Amino acid sequence: MINRVLIRTKVVQILYSYMLTRPECTLSKALKDLDGCLDKTYELYHYLMRLPVELTHIQEMRLDDARNKYLPTEEDLHPNTKFVNNRLVKALADNEQLQQFAEEHTVTWNDDPIFERLMLDKVLKSDLYNSYMEDAEDSMGADSQLWQQLMKQVILTDENMADAIEQRSLFWSEDDMDLIGQFVCKTFRRLADGEEDAILPMFKDEEDSDFGKELFQATVTQMPENNELIDEMVQSSRWDKDRIVLMDRIIMCAALAELRTFDKIPTAVTLNEYIELAKNFSTAGSGQFVNGILNNAVKSLKKQGKILKA
């Protein structure tokens, strides 16, 4: 689930913190922070998966309270229970893997009842909910589609949601929420299709599991040499090296370390990924600047025989 795009992002973020806080922050501490950051990212996946279960439970209690009030209406006594009987939510609630993770990591929104109430009210007022309740189709596919659309159009776009996740962890951001939300919707589809291994693992394989640590260490180890190369490329391009912002330098050092360390990753893939990181996490002109410097650096390294891959 945590792919290399996301790993690169976390590596760059932790590198930035590491560079700002040296020597207080040691390499071992930075690597520990990176592990914690990736663990928290997987935890966010589980928090988002848990939300439909807990919101549905609250709605069940609301319907039950309405049935038992002093003078219930006909609607109170015979409500439309399509939402609370949603098959996808039941599959999430019954999944032993999700249950175990939630228990071990205390994954719950119940400690923030105001947020839960506000989010449920927004769901119940949405056009998606109303269309679903009026639709005659009653299937797992429709149930899954509802929560995929609610996740993308209602939950992940809500300001209260952004505040709620940022309060729970310093490692979580809106960018994380968008990407992890895509994996959550993918899991909803897999559950609807009845796949046995519907819940995504933290990493696809051992290579991805080790990638972040290896990239971080390679970046730090090669940083003096790569900084010299960056300065050489900047000077030859008639830029002022003293005006390079720290984030741009970190992104370029990480890119060069990846180019020189990971033979299986195509050069174009590495360049594209770090240029995008510069666009998203640095200054307005960083994408173009990083693009130019890295392309010149690659030409120099290939000429020296230090990069042999395509």
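Everything that follows concerns the structure shown earlier in this document.
In this text, all values refer to a predicted model and were calculated from it rather than measured experimentally.

Caption draft 1: Structural detail: the overall build of the protein chain. For the protein chain, the count of helices and strands is 14 helices and zero strands. For the protein chain, the sequential pattern of α-helices and β-strands runs α-α-α-α-α-α-α-α-α-α-α-α-α-α. Dimensions of the protein chain along its principal axes, counting C-alpha atoms only, are 80 × 35 × 35 Å. A total of 310 residues make up the protein chain; the buried ones form 49% of that total. In the protein chain, 78% of the contacts between residues at least 6 apart in sequence involve partners at least 24 apart. Between the averaged position of the 36 positive side-chain charges in the protein chain and that of its 55 negative side-chain charges there is a distance of 8 Å.

Caption draft 2: Just the nonpolar core, in detail. Formed by 104 residues in total, the largest nonpolar core has its most connected members in Tyr45, Phe83, Trp147, Met161, Ile180, Phe216 and Tyr274. When residues of this core are assigned to their parent elements, the largest contribution, 16 residues, is made by helix 2 (residues 27-67). If we ignore the near neighbours within four places in the chain, the residues touching Phe83 are Thr56, Gln59, Leu120, Val123, Leu124, Tyr129, Tyr132, Met133, Leu146 and Trp147.

Caption draft 3: Here's a closer look at the side chain of Asp231. Mapped onto the elements of the fold, Asp231 is located in helix 11 (residues 206-236). For Asp231, the side chain forms a polar contact with the side chain of Arg249, separated by 2.9 Å. Apart from residues no more than four positions distant in its own chain, Asp231 is found in contact with Lys241 and Arg249.

Caption draft 4: Just a negative patch on the surface, in detail. Among the surface-exposed residues, Glu159, Asp163, Glu166, Glu174, Asp175 and Asp178 lie close enough to one another that they form a single negatively charged patch. Taken together, the elements giving at least two residues each to the negative patch come down to helix 9 (159-168) and helix 10 (174-192). Here Glu159 falls in the exposed class, since its relative accessible area comes to 67%.

Caption draft 5: Looking closely at helix 1 (residues 4-21). Relative to the 26 Å expected for 18 residues at 1.5 Å per residue, helix 1 spans 25 Å between its end C-alpha atoms, a close match to the ideal helical length. Looking at helix 1, one finds that the buried residues are Arg4, Leu6, Ile7, Arg8, Thr9, Lys10, Val11, Val12, Ile14, Leu15, Tyr18 and Met19. Of the surrounding secondary structure, the elements contacted by the buried residues of helix 1 are helix 2, helix 10, helix 11, helix 12 (246-261) and helix 13 (267-281).

Caption draft 6: Fine view of the packing of aromatic side chains. Taken as a whole and assessed by the stated rule, the structure comprises nine aromatic pairs. Ring centres 5.9 Å apart and planes at 65° place the aromatic pair Tyr18 and Phe216 in the edge-to-face group. A residue pair is termed long-range when its members are at least 10 positions apart, and Tyr18 in helix 1 and Phe216 in helix 11 qualify at 198 residues. Here Tyr18 and Phe216 have matching classes, each one buried. Chaining the aromatic ring pairs together yields one cluster made of Tyr47, Trp109, Phe115 and Trp172. In this structure, Arg4 is placed above the aromatic ring of Phe211, and the distance from its NZ or CZ to the ring centre is 4.5 Å. Its guanidinium or amino end placed over the ring of Tyr132, Lys82 lies 4.4 Å from that ring's centre, counting from NZ or CZ.

Caption draft 7: Summary view of the packing of helix 11 against helix 12. At a minimum axis separation of 7 Å, helix 11 and helix 12 run at an interaxial angle of 110°. It follows from the interaxial angle that helix 11 and helix 12 lie roughly perpendicular. Mapping the contact onto sequence places Phe211, Leu215, Ala218, Thr219, Gln222, Met223, Glu225, Asn226, Asn227, Leu229, Ile230 and Asp231 in helix 11 and Arg249, Met252, Cys253, Ala254, Leu256, Ala257, Glu258, Arg260 and Thr261 in helix 12. The class makeup of the residues in the contact of helix 11 with helix 12 is eleven nonpolar, five polar and five charged.

Caption draft 8: The arrangement of the packing of helix 8 (residues 140-155) against helix 10 in detail. One can describe the packing of helix 8 onto helix 10 by two numbers: an axis separation of 9 Å at closest approach and a directional angle of 175°. With respect to helix 10, the element helix 8 is oriented roughly antiparallel. Between helix 8, through Met140, Ser144, Trp147, Gln148, Met151 and Lys152, and helix 10, the contact on the second element is made entirely by Val184, Cys185, Phe188, Arg189, Leu191 and Ala192. A breakdown of the residues in the contact of helix 8 with helix 10 according to their chemical character gives eight nonpolar, two polar and two charged.

Caption draft 9: Region of the structure containing the pattern of salt bridges. Under the definition given, this model contains 21 salt bridges. As a salt-bridge pair, Glu54 and Arg50 come within 3.2 Å of each other at their nearest N and O atoms. Of this pair, Glu54 and Arg50 are both found in helix 2, four residues apart, which corresponds to roughly one turn of the helix. Across the pair Asp158 and Lys122 runs a salt bridge, and its minimum N-O distance is 2.7 Å. Note that Asp158 is positioned in the loop between helix 8 and helix 9 and Lys122 in helix 6 (residues 113-125), a separation of 36 residues in sequence. Lys122 sits in the partly exposed class, given a relative accessible area of 37%. Linked through salt bridges whose partners overlap, the residues forming this network are Arg4, Glu207, Asp208 and Lys264.

Analysis parameters
- Residues numbered from 1 in each chain as written.
- Predicted model: local features only at pLDDT ≥ 70, side-chain atom pairs only at ≥ 80, totals over all residues.
- Heavy atoms only, no water.
- Helix = DSSP H or I, 4+ residues; strand = E, 2+ residues; numbered from the N terminus.
- Buried < 20%, exposed > 50% of the residue type's maximum accessible area, 1.4 Å probe, protein only.
- Contact = heavy atoms within 4.5 Å.
- Lys, Arg positive; Asp, Glu negative; His and termini not counted.
- Charge placed at Lys NZ, Arg CZ, Asp CG, Glu CD.
- Core = buried A, V, L, I, M, F, W, Y, C linked by side-chain atoms within 4.5 Å.
- Polar contact = N/O pair within 3.5 Å; in protein donor to acceptor, adjacent residues only side chain to side chain.
- Patch = residues over 30% accessible without salt bridge, like charges linked within 9 Å, V, L, I, M, F, W, Y side chains within 5 Å.
- Areas by Shrake-Rupley, 256 points an atom, 1.4 Å probe, with all protein chains shown as cover.
- Salt bridge = Lys/Arg side-chain N within 4 Å of Asp/Glu carboxyl O.
- Expected span 1.5 Å × (residues − 1).
- Phe/Tyr/Trp six-rings, centres within 6.5 Å; stacked < 30°, edge-to-face > 60°.
- Lys NZ or Arg CZ within 6 Å of the ring centre and 35° of its normal.
- Axes fitted to C-alpha atoms, helices over the stretch in contact; angles between N-to-C directions.
- Parallel < 35°, antiparallel > 145°, perpendicular 65-115°, else oblique.
- Nonpolar A, V, L, I, M, F, W, Y, C, P; charged D, E, K, R; others polar.

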